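Structural overview
Listed below, chain by chain, are the residues.
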Amino acid sequence: MDKVIGVIGGSGLYDIAGLEDRQWQSMDTPFGAPSDALLTGWLDGVKMVFLPRHGRGHRHLPSTVNYRANIAAMKMMGVTDLVAMSAVGSLKEAYAPGDFLVVDQYIDRTFAREKSFFGTGLVGHVPFAHPTCPRLSEICLTAGQEVGGTLHMGGTYVAMEGPQFSTLAESRLYRSWGADVIGMTGMPEAKLAREAEICYACVAMITDYDCWHPDHDAVDVAQVVATAHANAERARALVAALPSRLKGPQTDCASGCNRALDGAIMTAPDRRDPEMIEKLTCVAGRVL
Ligand SMILES: CSC[C@H]1O[C@H](OP(=O)(O)O)[C@H](O)[C@@H]1O
Ligand SMILES: Nc1ncnc2[nH]cnc12
């Protein structure tokens, strides 16, 4: 089976260009409807699937995005390698608005979201010490380098609930933890991608200095949107540079992303809820 590239577009990225045979396809999943129809097409001979995280026209709040449906839809479309593009605030002087950063760690501060495909009657625990796929992250790095601009490799993303931006005390707290960037959507997306055994990488597009920076006032959403739009062309170019690097058959991920469910399910086979098995077959069918 050949690799299929998925891209989830964040604030400012609601479409991607250059796809052959492109079509917006509505779909449903056992976890409900994804944020929007999925845009499918081919780039450099590789199948691509794109989904705007907040829907076209930015209709869903970070807390009401149906992350489970989004990841289930990607899995159902055969996506093997998923790149998340996300607007973030910077928590460090060295990361300036306009820079990109490939995330490799998360601190999950969200609390009002469905965070797992598993549930009563089918319990599973996947490894998550390394929440992103190193191989796919490296590919994002080289694709970004080809496109130009400042790109940082590695950094910790604080996922906050929102939709309000942080208080000054919170922003200072996250800085004291050594975190690098802050956003509202990185979790549970990354967790669900791991449960669905999809290689996942996140390219954070820095739009502001949050509110801690002495030379910058509170986050101004107009400024964030302006920077997100200015970033969008570079984000599209990075996405267009992915297929030539990912062409070919799916092979086992050296970090085990595509086998994350091996040994993960705790519920005894004779105690598993048949309805849960049916519901989870679209994401975990390999082990059910
Ligand atoms: C427009 S600023 C707040 C908004 O931007 C980020 O969205 P995304 O990660 O989807 O690019 C942030 O997480 C908030 O949802
Ligand atoms: N400062 C910030 N905090 C949370 N999410 C963001 N998205 C973009 N900038 C952000």
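Residues numbered from 1 in each chain as written. Chains lettered and ligands numbered in written order. Predicted model: local features only at pLDDT ≥ 70, side-chain atom pairs only at ≥ 80, totals over all residues. Heavy atoms only, no water.

1. Quick word on the packing of helix 1 (residues 67-76) against helix 4 (residues 186-195)
For any two helices packed against each other, the geometry is given by the interaxial angle and the distance between the axes. Interhelical geometry of helix 1 versus helix 4 gives an angle of 40° and a closest axis separation of 9 Å. Crossing of helix 1 over helix 4 shows right-handed handedness. Of the residues in helix 4, those in contact with Y67, R68 and I71 of helix 1 are M187, P188, E189, L192 and A193. A per-class count over the contact of helix 1 with helix 4 returns six nonpolar, no polar and two charged. (Axes fitted to C-alpha atoms, helices over the stretch in contact; angles between N-to-C directions. Helix = DSSP H or I, 4+ residues; strand = E, 2+ residues; numbered from the N terminus. Left-handed = near helix turned anticlockwise from the far one by under 90°. Contact = heavy atoms within 4.5 Å. Nonpolar A, V, L, I, M, F, W, Y, C, P; charged D, E, K, R; others polar.)

2. Digging into the pattern of salt bridges
For the structure shown, the criterion picks out 15 salt bridges. The shortest N-O distance in the salt bridge between R53 and E189 comes to 2.8 Å. In this pair, R53 is assigned in the loop between strand 4 (46-52) and helix 1 and E189 in helix 4, connecting sequence segments 136 residues apart. The partner of E197 in a salt bridge is R286, with the nearest N and O atoms 2.8 Å apart. In this pair, E197 sits in the loop between helix 4 and strand 11 (199-208) while R286 sits in the segment after helix 7 (274-284), placing the two residues 89 residues apart along the sequence. The class for E197 is buried, based on a relative accessible area of 5%. According to the relative accessible area criterion, R286 is partly exposed, its value standing at 41%. (Salt bridge = Lys/Arg side-chain N within 4 Å of Asp/Glu carboxyl O. Buried < 20%, exposed > 50% of the residue type's maximum accessible area, 1.4 Å probe, protein only.)

3. A word on the packing of helix 2 (residues 134-147) against helix 5 (residues 221-240)
Between helix 2 and helix 5, the least distance of the axes is 8 Å, while the angle of their chain directions is 125°. By the angle between their axes, helix 2 is oblique relative to helix 5. For the element pair helix 2 and helix 5, the recorded crossing hand is right-handed. Contact residues: helix 2 offers C140, A143, G144 and V147, while helix 5 offers R234, A237 and L238. (Parallel < 35°, antiparallel > 145°, perpendicular 65-115°, else oblique.)

4. Concerning the site of ligand 2
Taken together, the neighbourhood of ligand 2 is formed by A87, V88, G89, M160, F165, I182, G183, M184, T207, D208, D210 and V219. With respect to ligand 2, the side chain of T207 contributes an N or O atom lying 3.5 Å from a nitrogen atom. Contact with the protein chains removes 95% of the 260 Å² of surface that ligand 2 exposes when unbound. Mapped by element, the contributors of at least two residues to the shell around ligand 2 are strand 5 (81-90), strand 10 (181-183) and strand 11. With three residues, strand 5 is the largest single contributor of residues to the shell around ligand 2. Of the residues contributing to the shell around ligand 2, the split by class is seven nonpolar, three polar and two charged. (Near = heavy atom within 4 Å. Polar contact = N/O pair within 3.5 Å; in protein donor to acceptor, adjacent residues only side chain to side chain. Areas by Shrake-Rupley, 256 points an atom, 1.4 Å probe, with all protein chains shown as cover.)

5. Examining the environment of R272
Turning to its location among the elements, R272 is positioned in the loop between helix 6 (243-246) and helix 7. Note: C-alpha distance between R272 and T120 (152 residues apart in sequence) is 8.8 Å. Among residues more than four places away in sequence, those in contact with R272 are G121, L122, I265, T267 and I277. At 2.8 Å, the side chain of R272 and the backbone oxygen of T267 are in polar contact.

6. Some remarks on the UniProt feature "domain: Nucleoside phosphorylase" (unreviewed entry) in the protein
As annotated by UniProt and renumbered to match this structure, "domain: Nucleoside phosphorylase" (unreviewed entry) occupies residues 5-242. Helix makes up 26% of residues 5-242 and strand 26%, and the two end C-alpha atoms of the span are 8 Å apart. (UniProt positions renumbered as here; feature names shortened; annotations may be inferred.)

7. Some remarks on the site of ligand 1
Surrounding ligand 1, one finds G10, S11, R53, H54, P62, S86, A87, F165, G183, M184, T185 and V224. At 2.8 Å from an oxygen atom of ligand 1 is found a main-chain nitrogen or oxygen belonging to S11. Starting from 390 Å² of accessible surface for ligand 1 in isolation, the protein chains cover 91%. A per-class count over the shell around ligand 1 returns five nonpolar, six polar and one charged.

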